[in-house]
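Structure at a glance
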Amino acid sequence: MVKHVFEKELSFRMPQETLGSCGYQCRELYQDMVVVGLCGCTASGKSTLLSRLQQVVATTVVSCDDFYLPPVQCPRFDLNGLPWAGGTPPEAFLKRGNADTNVPAAVDWSRVIEALDAAQQHMPPPSVVVDGLLLFGDHPGARQVLSLCDHTVVLWTDERASLELCQRKYTRAHLGKPSYQERGVAPDDYAAYWEGYVWPAWLEHGASRIPADALRLDCTQPTATQLDQLLGTGWFPPAAHTR
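Since the structure is predicted, the reported quantities are computational estimates derived from the model, not experimental observations.

Considerations on the overall build of the chain
Counting its secondary structure elements, the chain contains 7 helices and 5 strands. Tracing the chain from N to C terminus, the helices and strands come up as β-α-β-α-α-β-α-β-α-α-β-α. Every one of the 243 residues in the chain was classed for burial, and the buried ones make up 48%. With an accessible surface of roughly 11500 Å², the chain has 51% of that area assigned to carbon and sulfur atoms.

Observations regarding the packing of helix α3 (residues 109–121) against helix α4 (residues 140–147)
Running from N to C, α3 and α4 cross one another at 20 degrees; their axes reach a closest spacing of 9 Å. In terms of orientation, α3 and α4 fall into the roughly parallel class. Of the two possible hands of crossing, α3 and α4 adopt the one that is left-handed. Together, Trp109, Val112 and Ile113 of α3 and Gly141, Ala142, Gln144 and Val145 of α4 make up the contact between the two elements. Here the contact of α3 with α4 is built from residues that sort into 5 nonpolar, 2 polar and no charged.

Some remarks on the pattern of salt bridges
All told, the structure shown has 3 salt bridges when counted by the stated rule. For Asp158, the salt bridge identified is with Arg160, shortest N-O distance 3.9 Å. One salt bridge connects Arg168 with Glu164, and the closest N-O pair in it is separated by 2.9 Å. Of this pair, Arg168 and Glu164 are both found in helix α5 (residues 159–171), 4 residues apart, which corresponds to roughly one turn of the helix. Arg168 sits in the buried class, given a relative accessible area of 19%. A relative accessible area of 36% places Glu164 in the partly exposed class.

A look at the nonpolar core
Core analysis: the largest hydrophobic core is formed by 69 residues, its most contacted members being Leu53, Trp109, Val112, Tyr190, Tyr193 and Phe236. In terms of residues, this core owes the most to one element, helix α6 (residues 187–205), which gives 9 residues.

Quick look at the confidence of the model for the chain
Per-residue pLDDT for the chain has a mean of 86; in total, 84% of the residues score no lower than 70. The secondary structure element of the chain with the lowest average pLDDT is α3, at 92, and the one with the highest is strand β5 (residues 215–218), at 98. A low-confidence stretch, residues 1–26 stays under pLDDT 50, and its non-local contacts, those more than four residues away or across chains, total 62 contacts. Contacts from residues 239–243, a stretch scored under 50 in pLDDT, to residues over four places away or in other chains number 15 contacts.

Remarks on the state of the cysteines
On inspection of all chains with the given rule, the structure shows 0 disulfides. With no disulfide of its own, Cys41 lies closest to Cys219 among cysteine sulfurs, the gap being 7.9 Å. What makes Cys41 buried here is its relative accessible area of 0%.

Considerations on the pairing of strand β1 (residues 34–40)
Counting buried positions along β1 gives 7 out of 7 residues, so the element sits mostly inside the fold. Direction of pairing for β1 relative to strand β3 (residues 127–131): parallel, over a ladder of 5 bridges. Across the sheet, residue Val34 finds its bridge partner in β3, namely Ser127. Here 5 bridges tie β1 to strand β4 (residues 151–156), and the two strands are oriented parallel to one another. In the strand pairing of β4, Gly37 is matched with Thr152.

Remarks on the environment of Ser179
By secondary structure assignment, the location of Ser179 is in the loop between α5 and α6. Residues contacting Ser179, with those up to four places away along its chain left out, are Tyr170, Thr171, Arg172 and Ala173.

Focus on the sheet that holds β1
Taking strand neighbours across the sheet as the criterion, the 5 strands line up as β2-β3-β1-β4-β5 in an open arrangement whose pairing is parallel. In this open sheet, the two strands that pair with only one neighbour each are β2 (59–63) and β5. Geometrically, the sheet is characterised by an average inter-axis angle of 25 degrees between neighbouring strands, direction not taken into account. Relative to β5, β4 is paired through 4 bridges, and the arrangement is parallel. Paired with Leu155 across the bridge in β5 is Leu217. Lying over the sheet, helix α7 (residues 223–231) contacts β4 and β5, oriented at roughly 165 degrees with respect to β5.

Conventions used here
- Residues numbered from 1 in each chain as written.
- Predicted model: local features only at pLDDT ≥ 70, side-chain atom pairs only at ≥ 80, totals over all residues.
- Heavy atoms only, no water.
- Helix = DSSP H or I, 4+ residues; strand = E, 2+ residues; numbered from the N terminus.
- Buried < 20%, exposed > 50% of the residue type's maximum accessible area, 1.4 Å probe, protein only.
- Areas by Shrake-Rupley, 256 points an atom, 1.4 Å probe, with all protein chains shown as cover.
- Axes fitted to C-alpha atoms, helices over the stretch in contact; angles between N-to-C directions.
- Parallel < 35°, antiparallel > 145°, perpendicular 65-115°, else oblique.
- Left-handed = near helix turned anticlockwise from the far one by under 90°.
- Contact = heavy atoms within 4.5 Å.
- Nonpolar A, V, L, I, M, F, W, Y, C, P; charged D, E, K, R; others polar.
- Salt bridge = Lys/Arg side-chain N within 4 Å of Asp/Glu carboxyl O.
- Core = buried A, V, L, I, M, F, W, Y, C linked by side-chain atoms within 4.5 Å.
- pLDDT = per-residue confidence, 0-100.
- Disulfide = S-S within 2.5 Å.
- Pairing = 2+ DSSP bridges.

What follows is the structure, given as structure tokens:
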């Protein structure tokens, strides 16, 4: 379904920055817990992996999905300009609207940091995982959150894997919402949406900005394999393991 060429990966190492200039807490305040940042394209399996992780490790998950701005406050994208098979957006996408939730400016990053503060202040767990599609984005708030992470993980997605992710997203219900297939969107129309909007956004805000030292987990591997690799890092205190 995805036809365009995968862009060359551009990895970089985040520069050291002070956090006080924006009024945020310094990393030293989280010294009693390990903070791990998890990023990956939509449908790459972040939620599934974290669900399994919480079954075997005492950890708190702070999901950036919980801190999106209201749609009216989000940036906009050209919904009508996508190459729809029928020439116009399907009804399901008209209902969705043109709020751009695939850019870092769509997330209220200050509330993400507040959630991290709360995890630290109220019976701090041995570890916290910050889960976000846009965690690596070029945005002051995203950079602040990333600077608080001791380690980073990416569910790696290449051009081959993007075909599988497109199919997953099309057929799978998520967060209590029916799948796009169940909402009556034709496969070709969803492919247009993925190719023209979702995938390019991941390339720009995720794939091209992966920290050089991030742990890469193949998103097409079984969740059990990903979990074993994650636990094998030693980032999660052994005393927290429950298996």
